Amino acid sequence: MSLISQNARPKNEAKREDDMKEKEAEDVDALKVKKRKRGGKGHQQLAVEQGDNGDGVEAGTTAKASDLFFTDRSADTVLSVYREDADLPDESDDALQRKPVWVDEEEEKTTVNIAKVNRLRKLRKEEDENLIFASEYVSRLRAQYVKLNPGTDWAQLEENELYELTDEENEAVLSRGYENVDDILRTNEDLVVKSGSKLLPGHIEYSRLVDANIQDPANGPVNSVQFHRNAQLLLAAGLDRKLRFFQIDGKRNTKIQSLVLEDCPIHKASFLPDGSQVILSGRRKFFYSFDLVKATVEKIGPLVGREEKSLEAFEVSSDSQLIAFVGNEGYILLVSTKTKQLVGTLKMNGTIRSLAFAEDGQKLLSAGGDGQVYHWDLRTRTCIHKGVDEGCINSTALCTSPGGTHFAAGSDSGIVNIYNREEFLGGKRKPIKTIENLTTKVDFMRYNNDSQILAICSTMKKSSLKLIHIPSYTVFSNWPPSNTSLHYPRCIDFSPGGGFMAVGNASGKVLLYKLHHYQHA
């Protein structure tokens, strides 16, 4: 039987048996000395406040001597005026501000005799106190516990500090970063997830899934595949003039919608990074914009003041503000994604073959027939650097890492050079690594979400798709699969979480693979 039930008495008996007796001034002085010895600021305050016992009786009147007695205020409740006696958190702490989920109404009707049981006498505030309500009893127990078990400074986090508890051995972290430990009990998300784990070189673990476009294969080569930023939507477009959307789950890959452009075989299709539109182009002097929210198609062009007959090659800035088209005679055409109008041009020597954005759309890289890589500042519309791509005569592909720290340049000889951008801009011409695993023209390159994989492919040879491990800069030896053919790969994309890899080929299929190192799509 609990202490509450053992010592419970009716509420009408809860009146104190005797009033507190008057104390002599000598007792007060003696009490002050004892409090000073204990070093408690709250006890010194007690000695001053003890002059009035609450009944209007002056402390100077006669009373029994109790030199051996002192009042322990440290077991007071959180609401007590003697808070400094208990080593409690500050009032601003979330734990004190939160309201209890459930309150027992019986606590206000039940009393506990704390003078009857020896181990409870330390909870008294006054010498002759015996009966208290159950709610008060619980509060004093909590305060007593805090006093006996003070917190440690190193375990206290700042108010605006997020949890990121790591385990170096298992390379695991607490999911998402909770502001309060109690929030863990209020979510159904994974508490421990693999994060920041390094992909090992040599072999990559993967499995073949159902084709992404199994419900509606293309009738011609697939020139573009790309995942939406929500990782569930995939677009596939090709020369059959159709744009298709699929919901990727690895099992059914349901077709959601398709769009036919009667007058434009699609050479490239790309989501805006904000996910609001799809830009489509071909060997035409115009291009299309498909609004995903309004489900409307807009035909744009020809561009005012330009005579380009083909806008098939373009790149979209990572801030979704600009579209850079490859123009004639070394011109780069900058088009606003909002107005769809030409807002500027850039001119490089020779012909231009490839483009890539960096630094959140503030910088643009271009390369072409002169074998040099140009760096442009889009804020001033000027070339800030020009450097030779080592061993390259004709550049055919460019790709920057998601963080913008590295870029890869491919050539028509099959050579891929990987550079550090800062070092290249500083004048260093030597690439970090030269990849020589392709023997035909490099047509397409793509980094995955965490820059640990670089995919390079050539459309001129079957299964000519290689996966490069970063930062060891070595090719995964078990890719491409030896038992199946990739046909002629034309495009590739990784899902935002890295879990899926889609490969479009010339036979109209979009092959889908699961990369087991990454836990989420």
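Look up a bit, the structure's there.
Here the structure is a predicted model, which is why all the values come from computation and not from measurement.

Enquirer: So what exactly am I meant to see when it comes to the pairing of strand E29 (residues 465-469) here?
Expert: Side-chain positions along a regular strand alternate between the two faces of the sheet. The element E29 is extensively covered by neighbouring structure, given that four of its five residues are classed as buried. In terms of strand pairing, E29 meets strand E30 (residues 474-475) through two bridges, oriented antiparallel. Of the residues in E30, the one forming a bridge with His469 is Thr474. Turn length for the E29-E30 hairpin, with the two strands adjacent in sequence and antiparallel, is four residues, and the turn residue Tyr473 shows positive phi of about 55 degrees.

Enquirer: Just to check I follow, could you spell out the nonpolar core for this structure?
Expert: Across soluble globular proteins, nonpolar side chains show a tendency to be buried alongside one another. Within the largest apolar cluster, 19 residues are counted, with the highest numbers of intra-cluster contacts made by Ile453, Leu465, Leu467, Trp479, Ile492, Phe494 and Met501. Elements with a contribution of two residues or more to this core: strand E28 (453-457), E29, strand E31 (489-494), strand E32 (500-505) and strand E33 (510-515). Setting aside anything within four residues of it in sequence, one finds Ile492 in contact with Val225, Phe444, Arg446, Ala455, Leu465, Leu467, Met501, Ala502 and Val503.

Enquirer: Hey, could you run me through the sheet that holds strand E6 (residues 206-208) in this one?
Expert: Across a sheet, strands are paired by hydrogen bonds formed along the backbone, either parallel or antiparallel in direction. Spatially, the four strands line up as an open sheet ordered E6-E33-E32-E31, and their pairing is antiparallel. Two strands lie at the open edges of the sheet, namely E6 and E31, each paired on one side alone. The mean angle between the axes of side-by-side strands here comes to 25 degrees, regardless of whether they run parallel or antiparallel. Bridge analysis of E6 against E33 gives three bridges, and the strand direction is antiparallel.

Enquirer: So what exactly am I meant to see when it comes to helix H5 (residues 134-148) here?
Expert: Residues separated by three or four positions in an α-helix point in the same direction, a consequence of the helix having 3.6 residues per turn. Between its first and last C-alpha atoms H5 spans 21 Å; for 15 residues at 1.5 Å apiece the expected length is 21 Å, and the two agree. Within the sequence span of H5, burial applies to Ala134, Tyr137, Arg140, Ala143 and Gln144.

Enquirer: Quick question: what am I supposed to make of the environment of Val343 here?
Expert: The topology assignment puts Val343 in strand E18 (residues 342-347). Val343 sits ten residues away from Leu333 along the chain, and the two C-alpha atoms are 8.1 Å apart. With sequence-adjacent residues up to four places away left out, Val343 is seen in contact with Leu322, Leu334, Val335, Ser336 and Arg381.

Enquirer: It is not clear to me how the sheet that holds strand E15 (residues 314-316) should be interpreted in this structure. Could you clarify?
Expert: Overall, antiparallel pairing links the four strands, which are arranged E15-E16-E17-E18 in an open sheet. Every interior strand has two partners, whereas the edge strands, E15 and E18, have only one. Taken pair by pair, the neighbouring strands of this sheet meet at an average axis angle of 20 degrees, ignoring direction.

Enquirer: Explanation requested: the packing of aromatic side chains in the structure shown.
Expert: Tallied over the entire structure, the rule returns twelve aromatic pairs. Between Phe245 and Phe271 the ring centres are 6.3 Å apart and the planes differ by 45 degrees, which places this aromatic pair in the tilted class. Highlighted residues: Phe245 in strand E9 (residues 242-247) and Phe271 in strand E11 (residues 268-271), separated in sequence by 26 residues. The class of Phe271 is buried, set by a relative accessible area of 4%. Centre to centre, the rings of Phe407 and Phe424 are 5.3 Å apart; their planes meet at 85 degrees, and the pair counts as edge-to-face. Within this pair, whereas Phe407 is found in strand E24 (residues 406-411), its partner Phe424 is found in helix H6 (residues 421-425), the two being separated by 17 residues in sequence. With a relative accessible area of 1%, Phe424 lands in the buried category. Each residue in the set Tyr206, Trp479 and Tyr513 is aromatic and connected to the rest through ring pairs, giving one cluster. When the ring centre of Phe314 is taken as origin, the NZ or CZ atom of Lys268, which lies over that ring, is 5.0 Å away.

Rules used throughout
Residues numbered from 1 in each chain as written. Predicted model: local features only at pLDDT ≥ 70, side-chain atom pairs only at ≥ 80, totals over all residues. Heavy atoms only, no water. Buried < 20%, exposed > 50% of the residue type's maximum accessible area, 1.4 Å probe, protein only. Helix = DSSP H or I, 4+ residues; strand = E, 2+ residues; numbered from the N terminus. Pairing = 2+ DSSP bridges. Core = buried A, V, L, I, M, F, W, Y, C linked by side-chain atoms within 4.5 Å. Contact = heavy atoms within 4.5 Å. Axes fitted to C-alpha atoms, helices over the stretch in contact; angles between N-to-C directions. Expected span 1.5 Å × (residues − 1). Phe/Tyr/Trp six-rings, centres within 6.5 Å; stacked < 30°, edge-to-face > 60°. Lys NZ or Arg CZ within 6 Å of the ring centre and 35° of its normal.

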